[in-house]
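As a plain string of letters, each chain reads:
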Amino acid sequence: MELRIKTKCGIVEGIVENSCVVFKGIPYAKAKRFEKAAPYAWNGVLACREYGSQCPQADPTNGFYGKEFYTDPRYPLPRMSEDCLYLNIQVPLNPKGKCPVAFWIHGGAFDHGFGSEMEFDGAWYCQKNVILVTINYRVGVFGFFAHPEMLSANLGLLDQVAALQWVYENIEAFGGDPDNITVFGQSAGAISVQALVSSECTGNMIAKAIMQSGGGLENGLCPEKSLAQAYEVSKKIMSLCGVSTLEEMKRLPCERLVEILPQLWQETGELPFGPIVDGEFLKEGLDDAVRRNHIKDIPYMLGATANDIMVGQNEDGKESPLFKGCLKFAMNRLSQGGKPTYLYYFKRRLPGDGAGAFHSSELWYMFGTLRRCWRPMELRDMTLSKVMIVAWTSFMRSGTPGYDAYEPVERTIMEWE
């Protein structure tokens, strides 16, 4: 069964999968290297049956996360191309009224990841009458290189804005409510969400936000850079590439811009990519925007996992800078009289090895994709997943996940275990 939808950019054709109508690989924009993305339109009917290309990046199949998310032959990796600005939409087969919209931003340290990873899926969301949108955006050098001769920095984040704009302008044709879009993400995706709610570029397009293992206040990640700092990182990139001009950078094979990443990480000693305070997309740092109440006054939901990043062996993850950053964010919102903030703490130690509640472990649960995981999941895992999906989709629908907002006396934190 196929379904055609007329968008403002052209007609798209989706197919029915798992009681959803799925539209894969919708091009929301096009861009040349180191240039801001531009709107894209097409003639005729676009058959959306294959996922779009991922941005060129390092091979993800090695190591812990390779086994976890990237080596199952049932879910082959998409091809790599700089033509990577695509999004995917999963729509309930029989929607009830205007559907809430969940806009997912993948993580990956801003240098890897893509929107069609095997752990992301909207079948359960569609059962809860929620539309899921997942996106690709430019990562690594392609999305965060900055140079004085470029018209814009933050290209990867501006890609996210372009995707959000596309959804805001077109999702009603799919049965979605453009005034009820929840932007959510994990790790670098959570930092992206915090950047989006701190930017004037997103206007009134965001109704709610969820930040998983990445958002907060003074959480120890310090992701943003000044333009001067971004230029210094980019000088290192050019030096590693053996070039001295922007035009030479534009002519390099895309593989070269990926090959230099391990040495770039070694030389910078920190996240080389992330939001840039450029005066256009961001006018101040993320912590400053929270402190000064320059973020959107909307409901927020955020949290971390028990064995998350910055958590040492035998440490209590609740005492980590990352989770304390969630608490500080909630307290700050309370002091400013803003809309509620809901906190969670994921502490289920996943079966199969000793990694515990590792960074990204909650993704299997809140997307309901446990059956895709190699781990010997138990009945309790299935039950926990269903409860978490209800919380996430309830928040997307109404602005509350079904438990109390954070307040300092009771220290209301939902613990998932």
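Data block above holds the structure.
What comes next concerns the included structure. Think of each chain on its own: its residues are numbered from 1, step by step along the sequence as written. Predicted model: local features are reported for residues with pLDDT of at least 70 only, side-chain atom pairs are reported and counted for 80 or more only, and whole-chain, interface and lining totals are derived from all residues. Based on all heavy atoms of the structure, the side-chain values leave hydrogens and waters out of the count.

## A few points about helix H6 (residues 227–241)
In step 1: Only DSSP runs of H or I with at least four residues qualify as helices, and only runs of E with at least two residues qualify as strands; both kinds are numbered from the N terminus onward. To estimate how far a helix should extend, the number of its residues minus one is multiplied by 1.5 Å. Between its terminal C-alpha atoms H6 stretches 21 Å, which fits the 21 Å expected from 15 residues at 1.5 Å a residue.
In step 2: Looking at the packing, one finds that the buried side of H6 touches helix H3 (140–144), strand S10 (225–226), helix H7 (246–251), helix H8 (254–259), helix H9 (261–268) and strand S11 (276–277).
In step 3: Taken from the residues just after H6, Gly242 is the one with a positive phi, measuring 75°. When checking whether two residues touch, look at their non-hydrogen atoms; a contact exists if any pair is within 4.5 Å.

## Section: the packing of H6 against H9
Two quantities define a packed helix pair, namely the angle between the axes and the distance from one axis to the other.
In step 1: Interaxial distance between H6 and H9 falls to 10 Å at its minimum, and their mutual angle equals 135°. Judged by the inter-axis angle, H6 sits oblique to H9. The element H6 and its partner H9 pack so that their crossing is right-handed. Every residue of H9 that contacts H6 at Val233, Lys236, Ile237 and Leu240 is listed here: Gln263, Leu264, Glu267 and Thr268.
In step 2: Asp, Glu, Lys and Arg are counted as charged, while Ala, Val, Leu, Ile, Met, Phe, Trp, Tyr, Cys and Pro are counted as nonpolar; the rest, among them Gly, fall into the polar class. Here the residues of the contact of H6 with H9 are counted per class, giving 4 nonpolar, 2 polar and 2 charged. Between N-to-C directions, angles cover 0 to 180 degrees, with each direction set by a line fitted to C-alpha atoms, over the stretch in contact for helices. By definition in this entry, angles of less than 35 degrees are roughly parallel, angles greater than 145 are roughly antiparallel, angles of 65 to 115 are roughly perpendicular, and the rest are oblique. Crossing handedness: left-handed means the near helix sits turned counterclockwise from the far one by under a right angle, and right-handed means the same turn made clockwise.

## Points about the nonpolar core
In step 1: Of all hydrophobic cores here, the largest spans 129 residues; its most connected members are Ile89, Phe184, Met249 and Trp392.
In step 2: Broken down by element, the residue count for this core peaks at 8 residues, all from helix H4 (residues 155–170).
In step 3: The contact partners of Ile89, leaving out residues within four places of it in the chain, are Val21, Val22, Phe23, Ile26, Ile131, Leu132, Val133, Trp166, Ile171 and Phe174. We call a set of buried residues a nonpolar core when its members are Ala, Val, Leu, Ile, Met, Phe, Trp, Tyr or Cys and they connect through side-chain atoms within 4.5 Å of each other. Only protein chains enter the calculation, and the probe is 1.4 Å; a residue is then buried if its accessible area is under 20% of its type maximum, exposed if over 50%, and partly exposed in between.

## Some points on the environment of Arg292
In step 1: Here Arg292 lies in the loop between helix H10 (286–291) and strand S12 (300–305).
In step 2: We classify Arg292 as partly exposed; its relative accessible area is 47%.
In step 3: Spatially, the C-alpha atoms of Arg292 and Lys386 are 37 Å apart, while their sequence positions differ by 94 residues.
In step 4: Among residues more than four places away in sequence, those in contact with Arg292 are Glu284 and Gln336.

## Observations concerning unusual backbone geometry
In step 1: Positive phi is not limited to glycine here, since Glu218 has a value of about 55°.
In step 2: Among the structural elements, Glu218 can be located in the loop between strand S9 (208–212) and S10.
In step 3: Despite not being glycine, Ser360 shows a phi value in the positive range, around 90°.
In step 4: Topologically, Ser360 is positioned in the loop between strand S13 (341–346) and helix H12 (363–366).
In step 5: When its relative accessible area of 7% is taken as the criterion, Ser360 is described as buried.

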